[in-house]
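# Residue-level structure breakdown
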Amino acid sequence: MTPVTTFKGKNVALFGLGGSGLSTARALMAGGAHVHAWDDGEAGRLKAVANGVPLDDLSQVDWSRISALALSPGVPLTHPEPHWTVKLAKAAGIEIIGDIELFCRERAAHTGGSPFIAITGTNGKSTTTALIAHILREAGRDVQLGGNIGVPILDLEPPSDERIHVIECSSFQIDLTPSLNPTIGILINLTPDHIDRHGTMENYAAIKERLVAGAEVALVGVDDPCTHAIGARLSAEPRDGQRVTPVSGARALEWGFYVENGDVHFREQGHAPEEAEQLASLKDARALRGAHNAQNAAFAAAAAWECGLEDEEIAAGVASYPGLPHRMEEVGRIERALFVNDSKATNADAAEKALASFTDIYWIIGGKAKEGGVEPLRPYFPRIRKAYLIGHASDDFARTLEGALPYERCETLDVATTKAAFDALDGDAQEPIVLLSPACASYDQFANFEARGDAFRGLVHGLPAVIAARRGEHP
């Protein structure tokens, strides 16, 4: 835990008692603050009581006694309209902040600026964050990984000069962090997202930009128009001492970090192309397949290089990265068939990345369909040997696939996994891929995409016995 001492002896209102809210409450209390916590839901309030967090109805408190409102990132700050606690805090002239802001203040108060890598973007944040942490850990560094991925930031060990915090930041978290000033700030890419919470794409992009605008070293993507414009703007008017460096996963750059022919390079300004430094190869990095992962790897290698790692250490970390659960996760191999869990692909855009990364695919799809279905994936149908339909979306998906590729209605994941495995092993593909990339939400049959992916992993682990029984063999 990182105790929040910067509010010692002060009254802090806290709204939102999910995981990060409870973490914030505990950290504030450990640092000596007087916490007044509340949640609109009874379940959140009961959790707070079970964790020893004092409750206080914030609609009834004397806001003139409150120093700050600590707001959970899931609570609306501006759109579609400010939450009622936000309105009360603004009326009282009280600052509204989040857990990452509290961490930044502790970092400034106690270390003056310990190593802190902050990562944001629309897509690839989690993979890039986890990959950076993996490379640094493999090189023997003391790393704390968290934020929007896994562990709330204030549950991590406190900042210190010998410890590197690697933190994924959502736009909601950045919006609650006015003093965000990482050692290394990373902006991967930008496409429209969370517009309901930010009002416009311009507002969303401006919030994301703040992460790199405040960084000592700003690593900014150039593979989409929005980030390219942000990088150009920061380069034209950098803060005192700030370095702004372009990063591409798609093409060679005149200078900066980029991927070319499956290798990550760094080229200094004014140097010839042949003088570019090779940092890592993606050719044998099985957990980093696909163009989107080339971009993620370029940023991760850039961050590691900026942390002072040797090229050999970066290359070893990239090659050994195991990947994140449910994101093109290789969960098993049976004979020549590879089984891939991409349960995180809850829409067509996400599923596209897996379909673009493999051929000879036996594709398990379905669940609760998102708008647009799988029609946008038609260009990838030639890569697919057969589709296996599950869940609520089966009728809609069958209409899309009819006449375009073979499919079978399976209804449930267990039936689909078994049939796909048998077809893959009976076929003539050299390395058939049984791919769960549903292009759907999970909640028609599963609580969440993690539960769906875990179920698939368990089914794959049980397949050898099923296959042996089918063949009349002893498992």
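Not measured: the values here are computed from a predicted model. (Residues numbered from 1 in each chain as written. Predicted model: local features only at pLDDT ≥ 70, side-chain atom pairs only at ≥ 80, totals over all residues. Heavy atoms only, no water.)

## Some points on the pattern of salt bridges
Oppositely charged side chains may form a pair once their charged atoms are brought near each other. Note the threshold: When a carboxyl oxygen of Asp or Glu is within 4 Å of a side-chain nitrogen of Lys or Arg, the pair counts as a salt bridge. Numbering goes from the N terminus for both helices and strands, where a helix is a DSSP run of H or I of at least four residues and a strand is a run of E of at least two. Only protein chains enter the accessibility calculation, which uses a 1.4 Å probe. A residue is then buried if its area is under 20% of the maximum for its type, exposed if over 50%, and partly exposed in between.
This model, assessed by the stated rule, comprises 25 salt bridges. Measuring nitrogen to oxygen at the nearest pair gives 2.8 Å for the salt bridge that ties E306 to R243. Here E306 is found in helix α10 (residues 291-306), whereas its partner R243 is found in strand β10 (residues 243-248), with 63 residues between them in sequence. For E306, a relative accessible area of 19% corresponds to the buried category. Assessed through its relative accessible area of 41%, R243 is described here as partly exposed. With a shortest N-O distance of 2.8 Å, E375 and R378 are connected by a salt bridge. By relative accessible area, which is 39% here, E375 ends up partly exposed. A relative accessible area of 34% means that R378 is categorised as partly exposed. Overlapping salt bridges, with partners in common, bring together R286, R289, E330, R333 and E431 in one network.

## Description of the domain arrangement of the protein
What counts here: Domain start and stop positions are those given by an automatic or database domain assignment. By definition in these notes, contact holds between two residues if any of their heavy atoms fall within 4.5 Å. Here's the idea: put two parts together, see how much 1.4 Å probe accessible area each one loses, and the total over both is what we call buried area. Residues are grouped as follows: Ala, Val, Leu, Ile, Met, Phe, Trp, Tyr, Cys and Pro are nonpolar; Asp, Glu, Lys and Arg are charged; all remaining types, including Gly, are polar.
The assigned domain composition of the protein is domain 1 (11-97), domain 2 (111-320) and domain 3 (329-471). When each unit is reduced to the centre of its C-alpha atoms, the spacing between domain 2 and domain 3 is 32 Å. Tallying the contact residues gives four residues for domain 2 and seven residues for domain 3. Note on domain 2 versus domain 3: buried area summed over both sides is about 490 Å², and carbon and sulfur give 48% of it. Where domain 2 packs against domain 3, one counts three salt bridges. E330 is the partner of R286 in a salt bridge, and the nearest nitrogen-oxygen pair spans 3.3 Å. For the side of domain 2 that touches domain 3, the residue count by class is no nonpolar, two polar and two charged.

## Here we look at the environment of T85
Counted only if it meets this: Two N or O atoms form a polar contact when they lie within 3.5 Å of each other; inside protein one atom must be a possible hydrogen donor and the other a possible acceptor, and for residues adjacent in sequence the pair counts only when both atoms belong to side chains.
Tracing the sequence through the fold places T85 in helix α3 (residues 84-91). Ignoring any residue separated from it by four or fewer positions in sequence, one finds T85 in contact with F15, L58, W63, L69 and L71. Only 2.8 Å separates the side chain of T85 from the side chain of H83, close enough to count as a polar contact.

## Some remarks on the packing of aromatic side chains
This is how it is decided: Stacked, tilted and edge-to-face are the three classes assigned to paired rings of Phe, Tyr and Trp, where Trp is represented by its six-membered ring and a pair needs centres within 6.5 Å; plane angles under 30 degrees give stacked, over 60 edge-to-face, the rest tilted. For a ring to carry a charge above it, either NZ of a lysine or CZ of an arginine must fall within 6 Å of the ring centroid while also lying within 35 degrees of the normal to the ring plane.
Under the definition given, this model contains five aromatic pairs. Arranged with centres 5.9 Å apart and planes meeting at 75 degrees, the rings of F15 and W84 form a pair that is edge-to-face. Here F15 is found in strand β1 (residues 11-15), whereas its partner W84 is found in helix α3, with 69 residues between them in sequence. Judged by its relative accessible area of 28%, W84 falls in the partly exposed class. Taken together through their ring pairs, the aromatic side chains of F257, F266 and W305 make up a single cluster. When the ring centre of F7 is taken as origin, the NZ or CZ atom of K10, which lies over that ring, is 5.7 Å away. Over the aromatic face of F422 sits the side chain of R470, whose NZ or CZ is 4.1 Å from the ring centroid.

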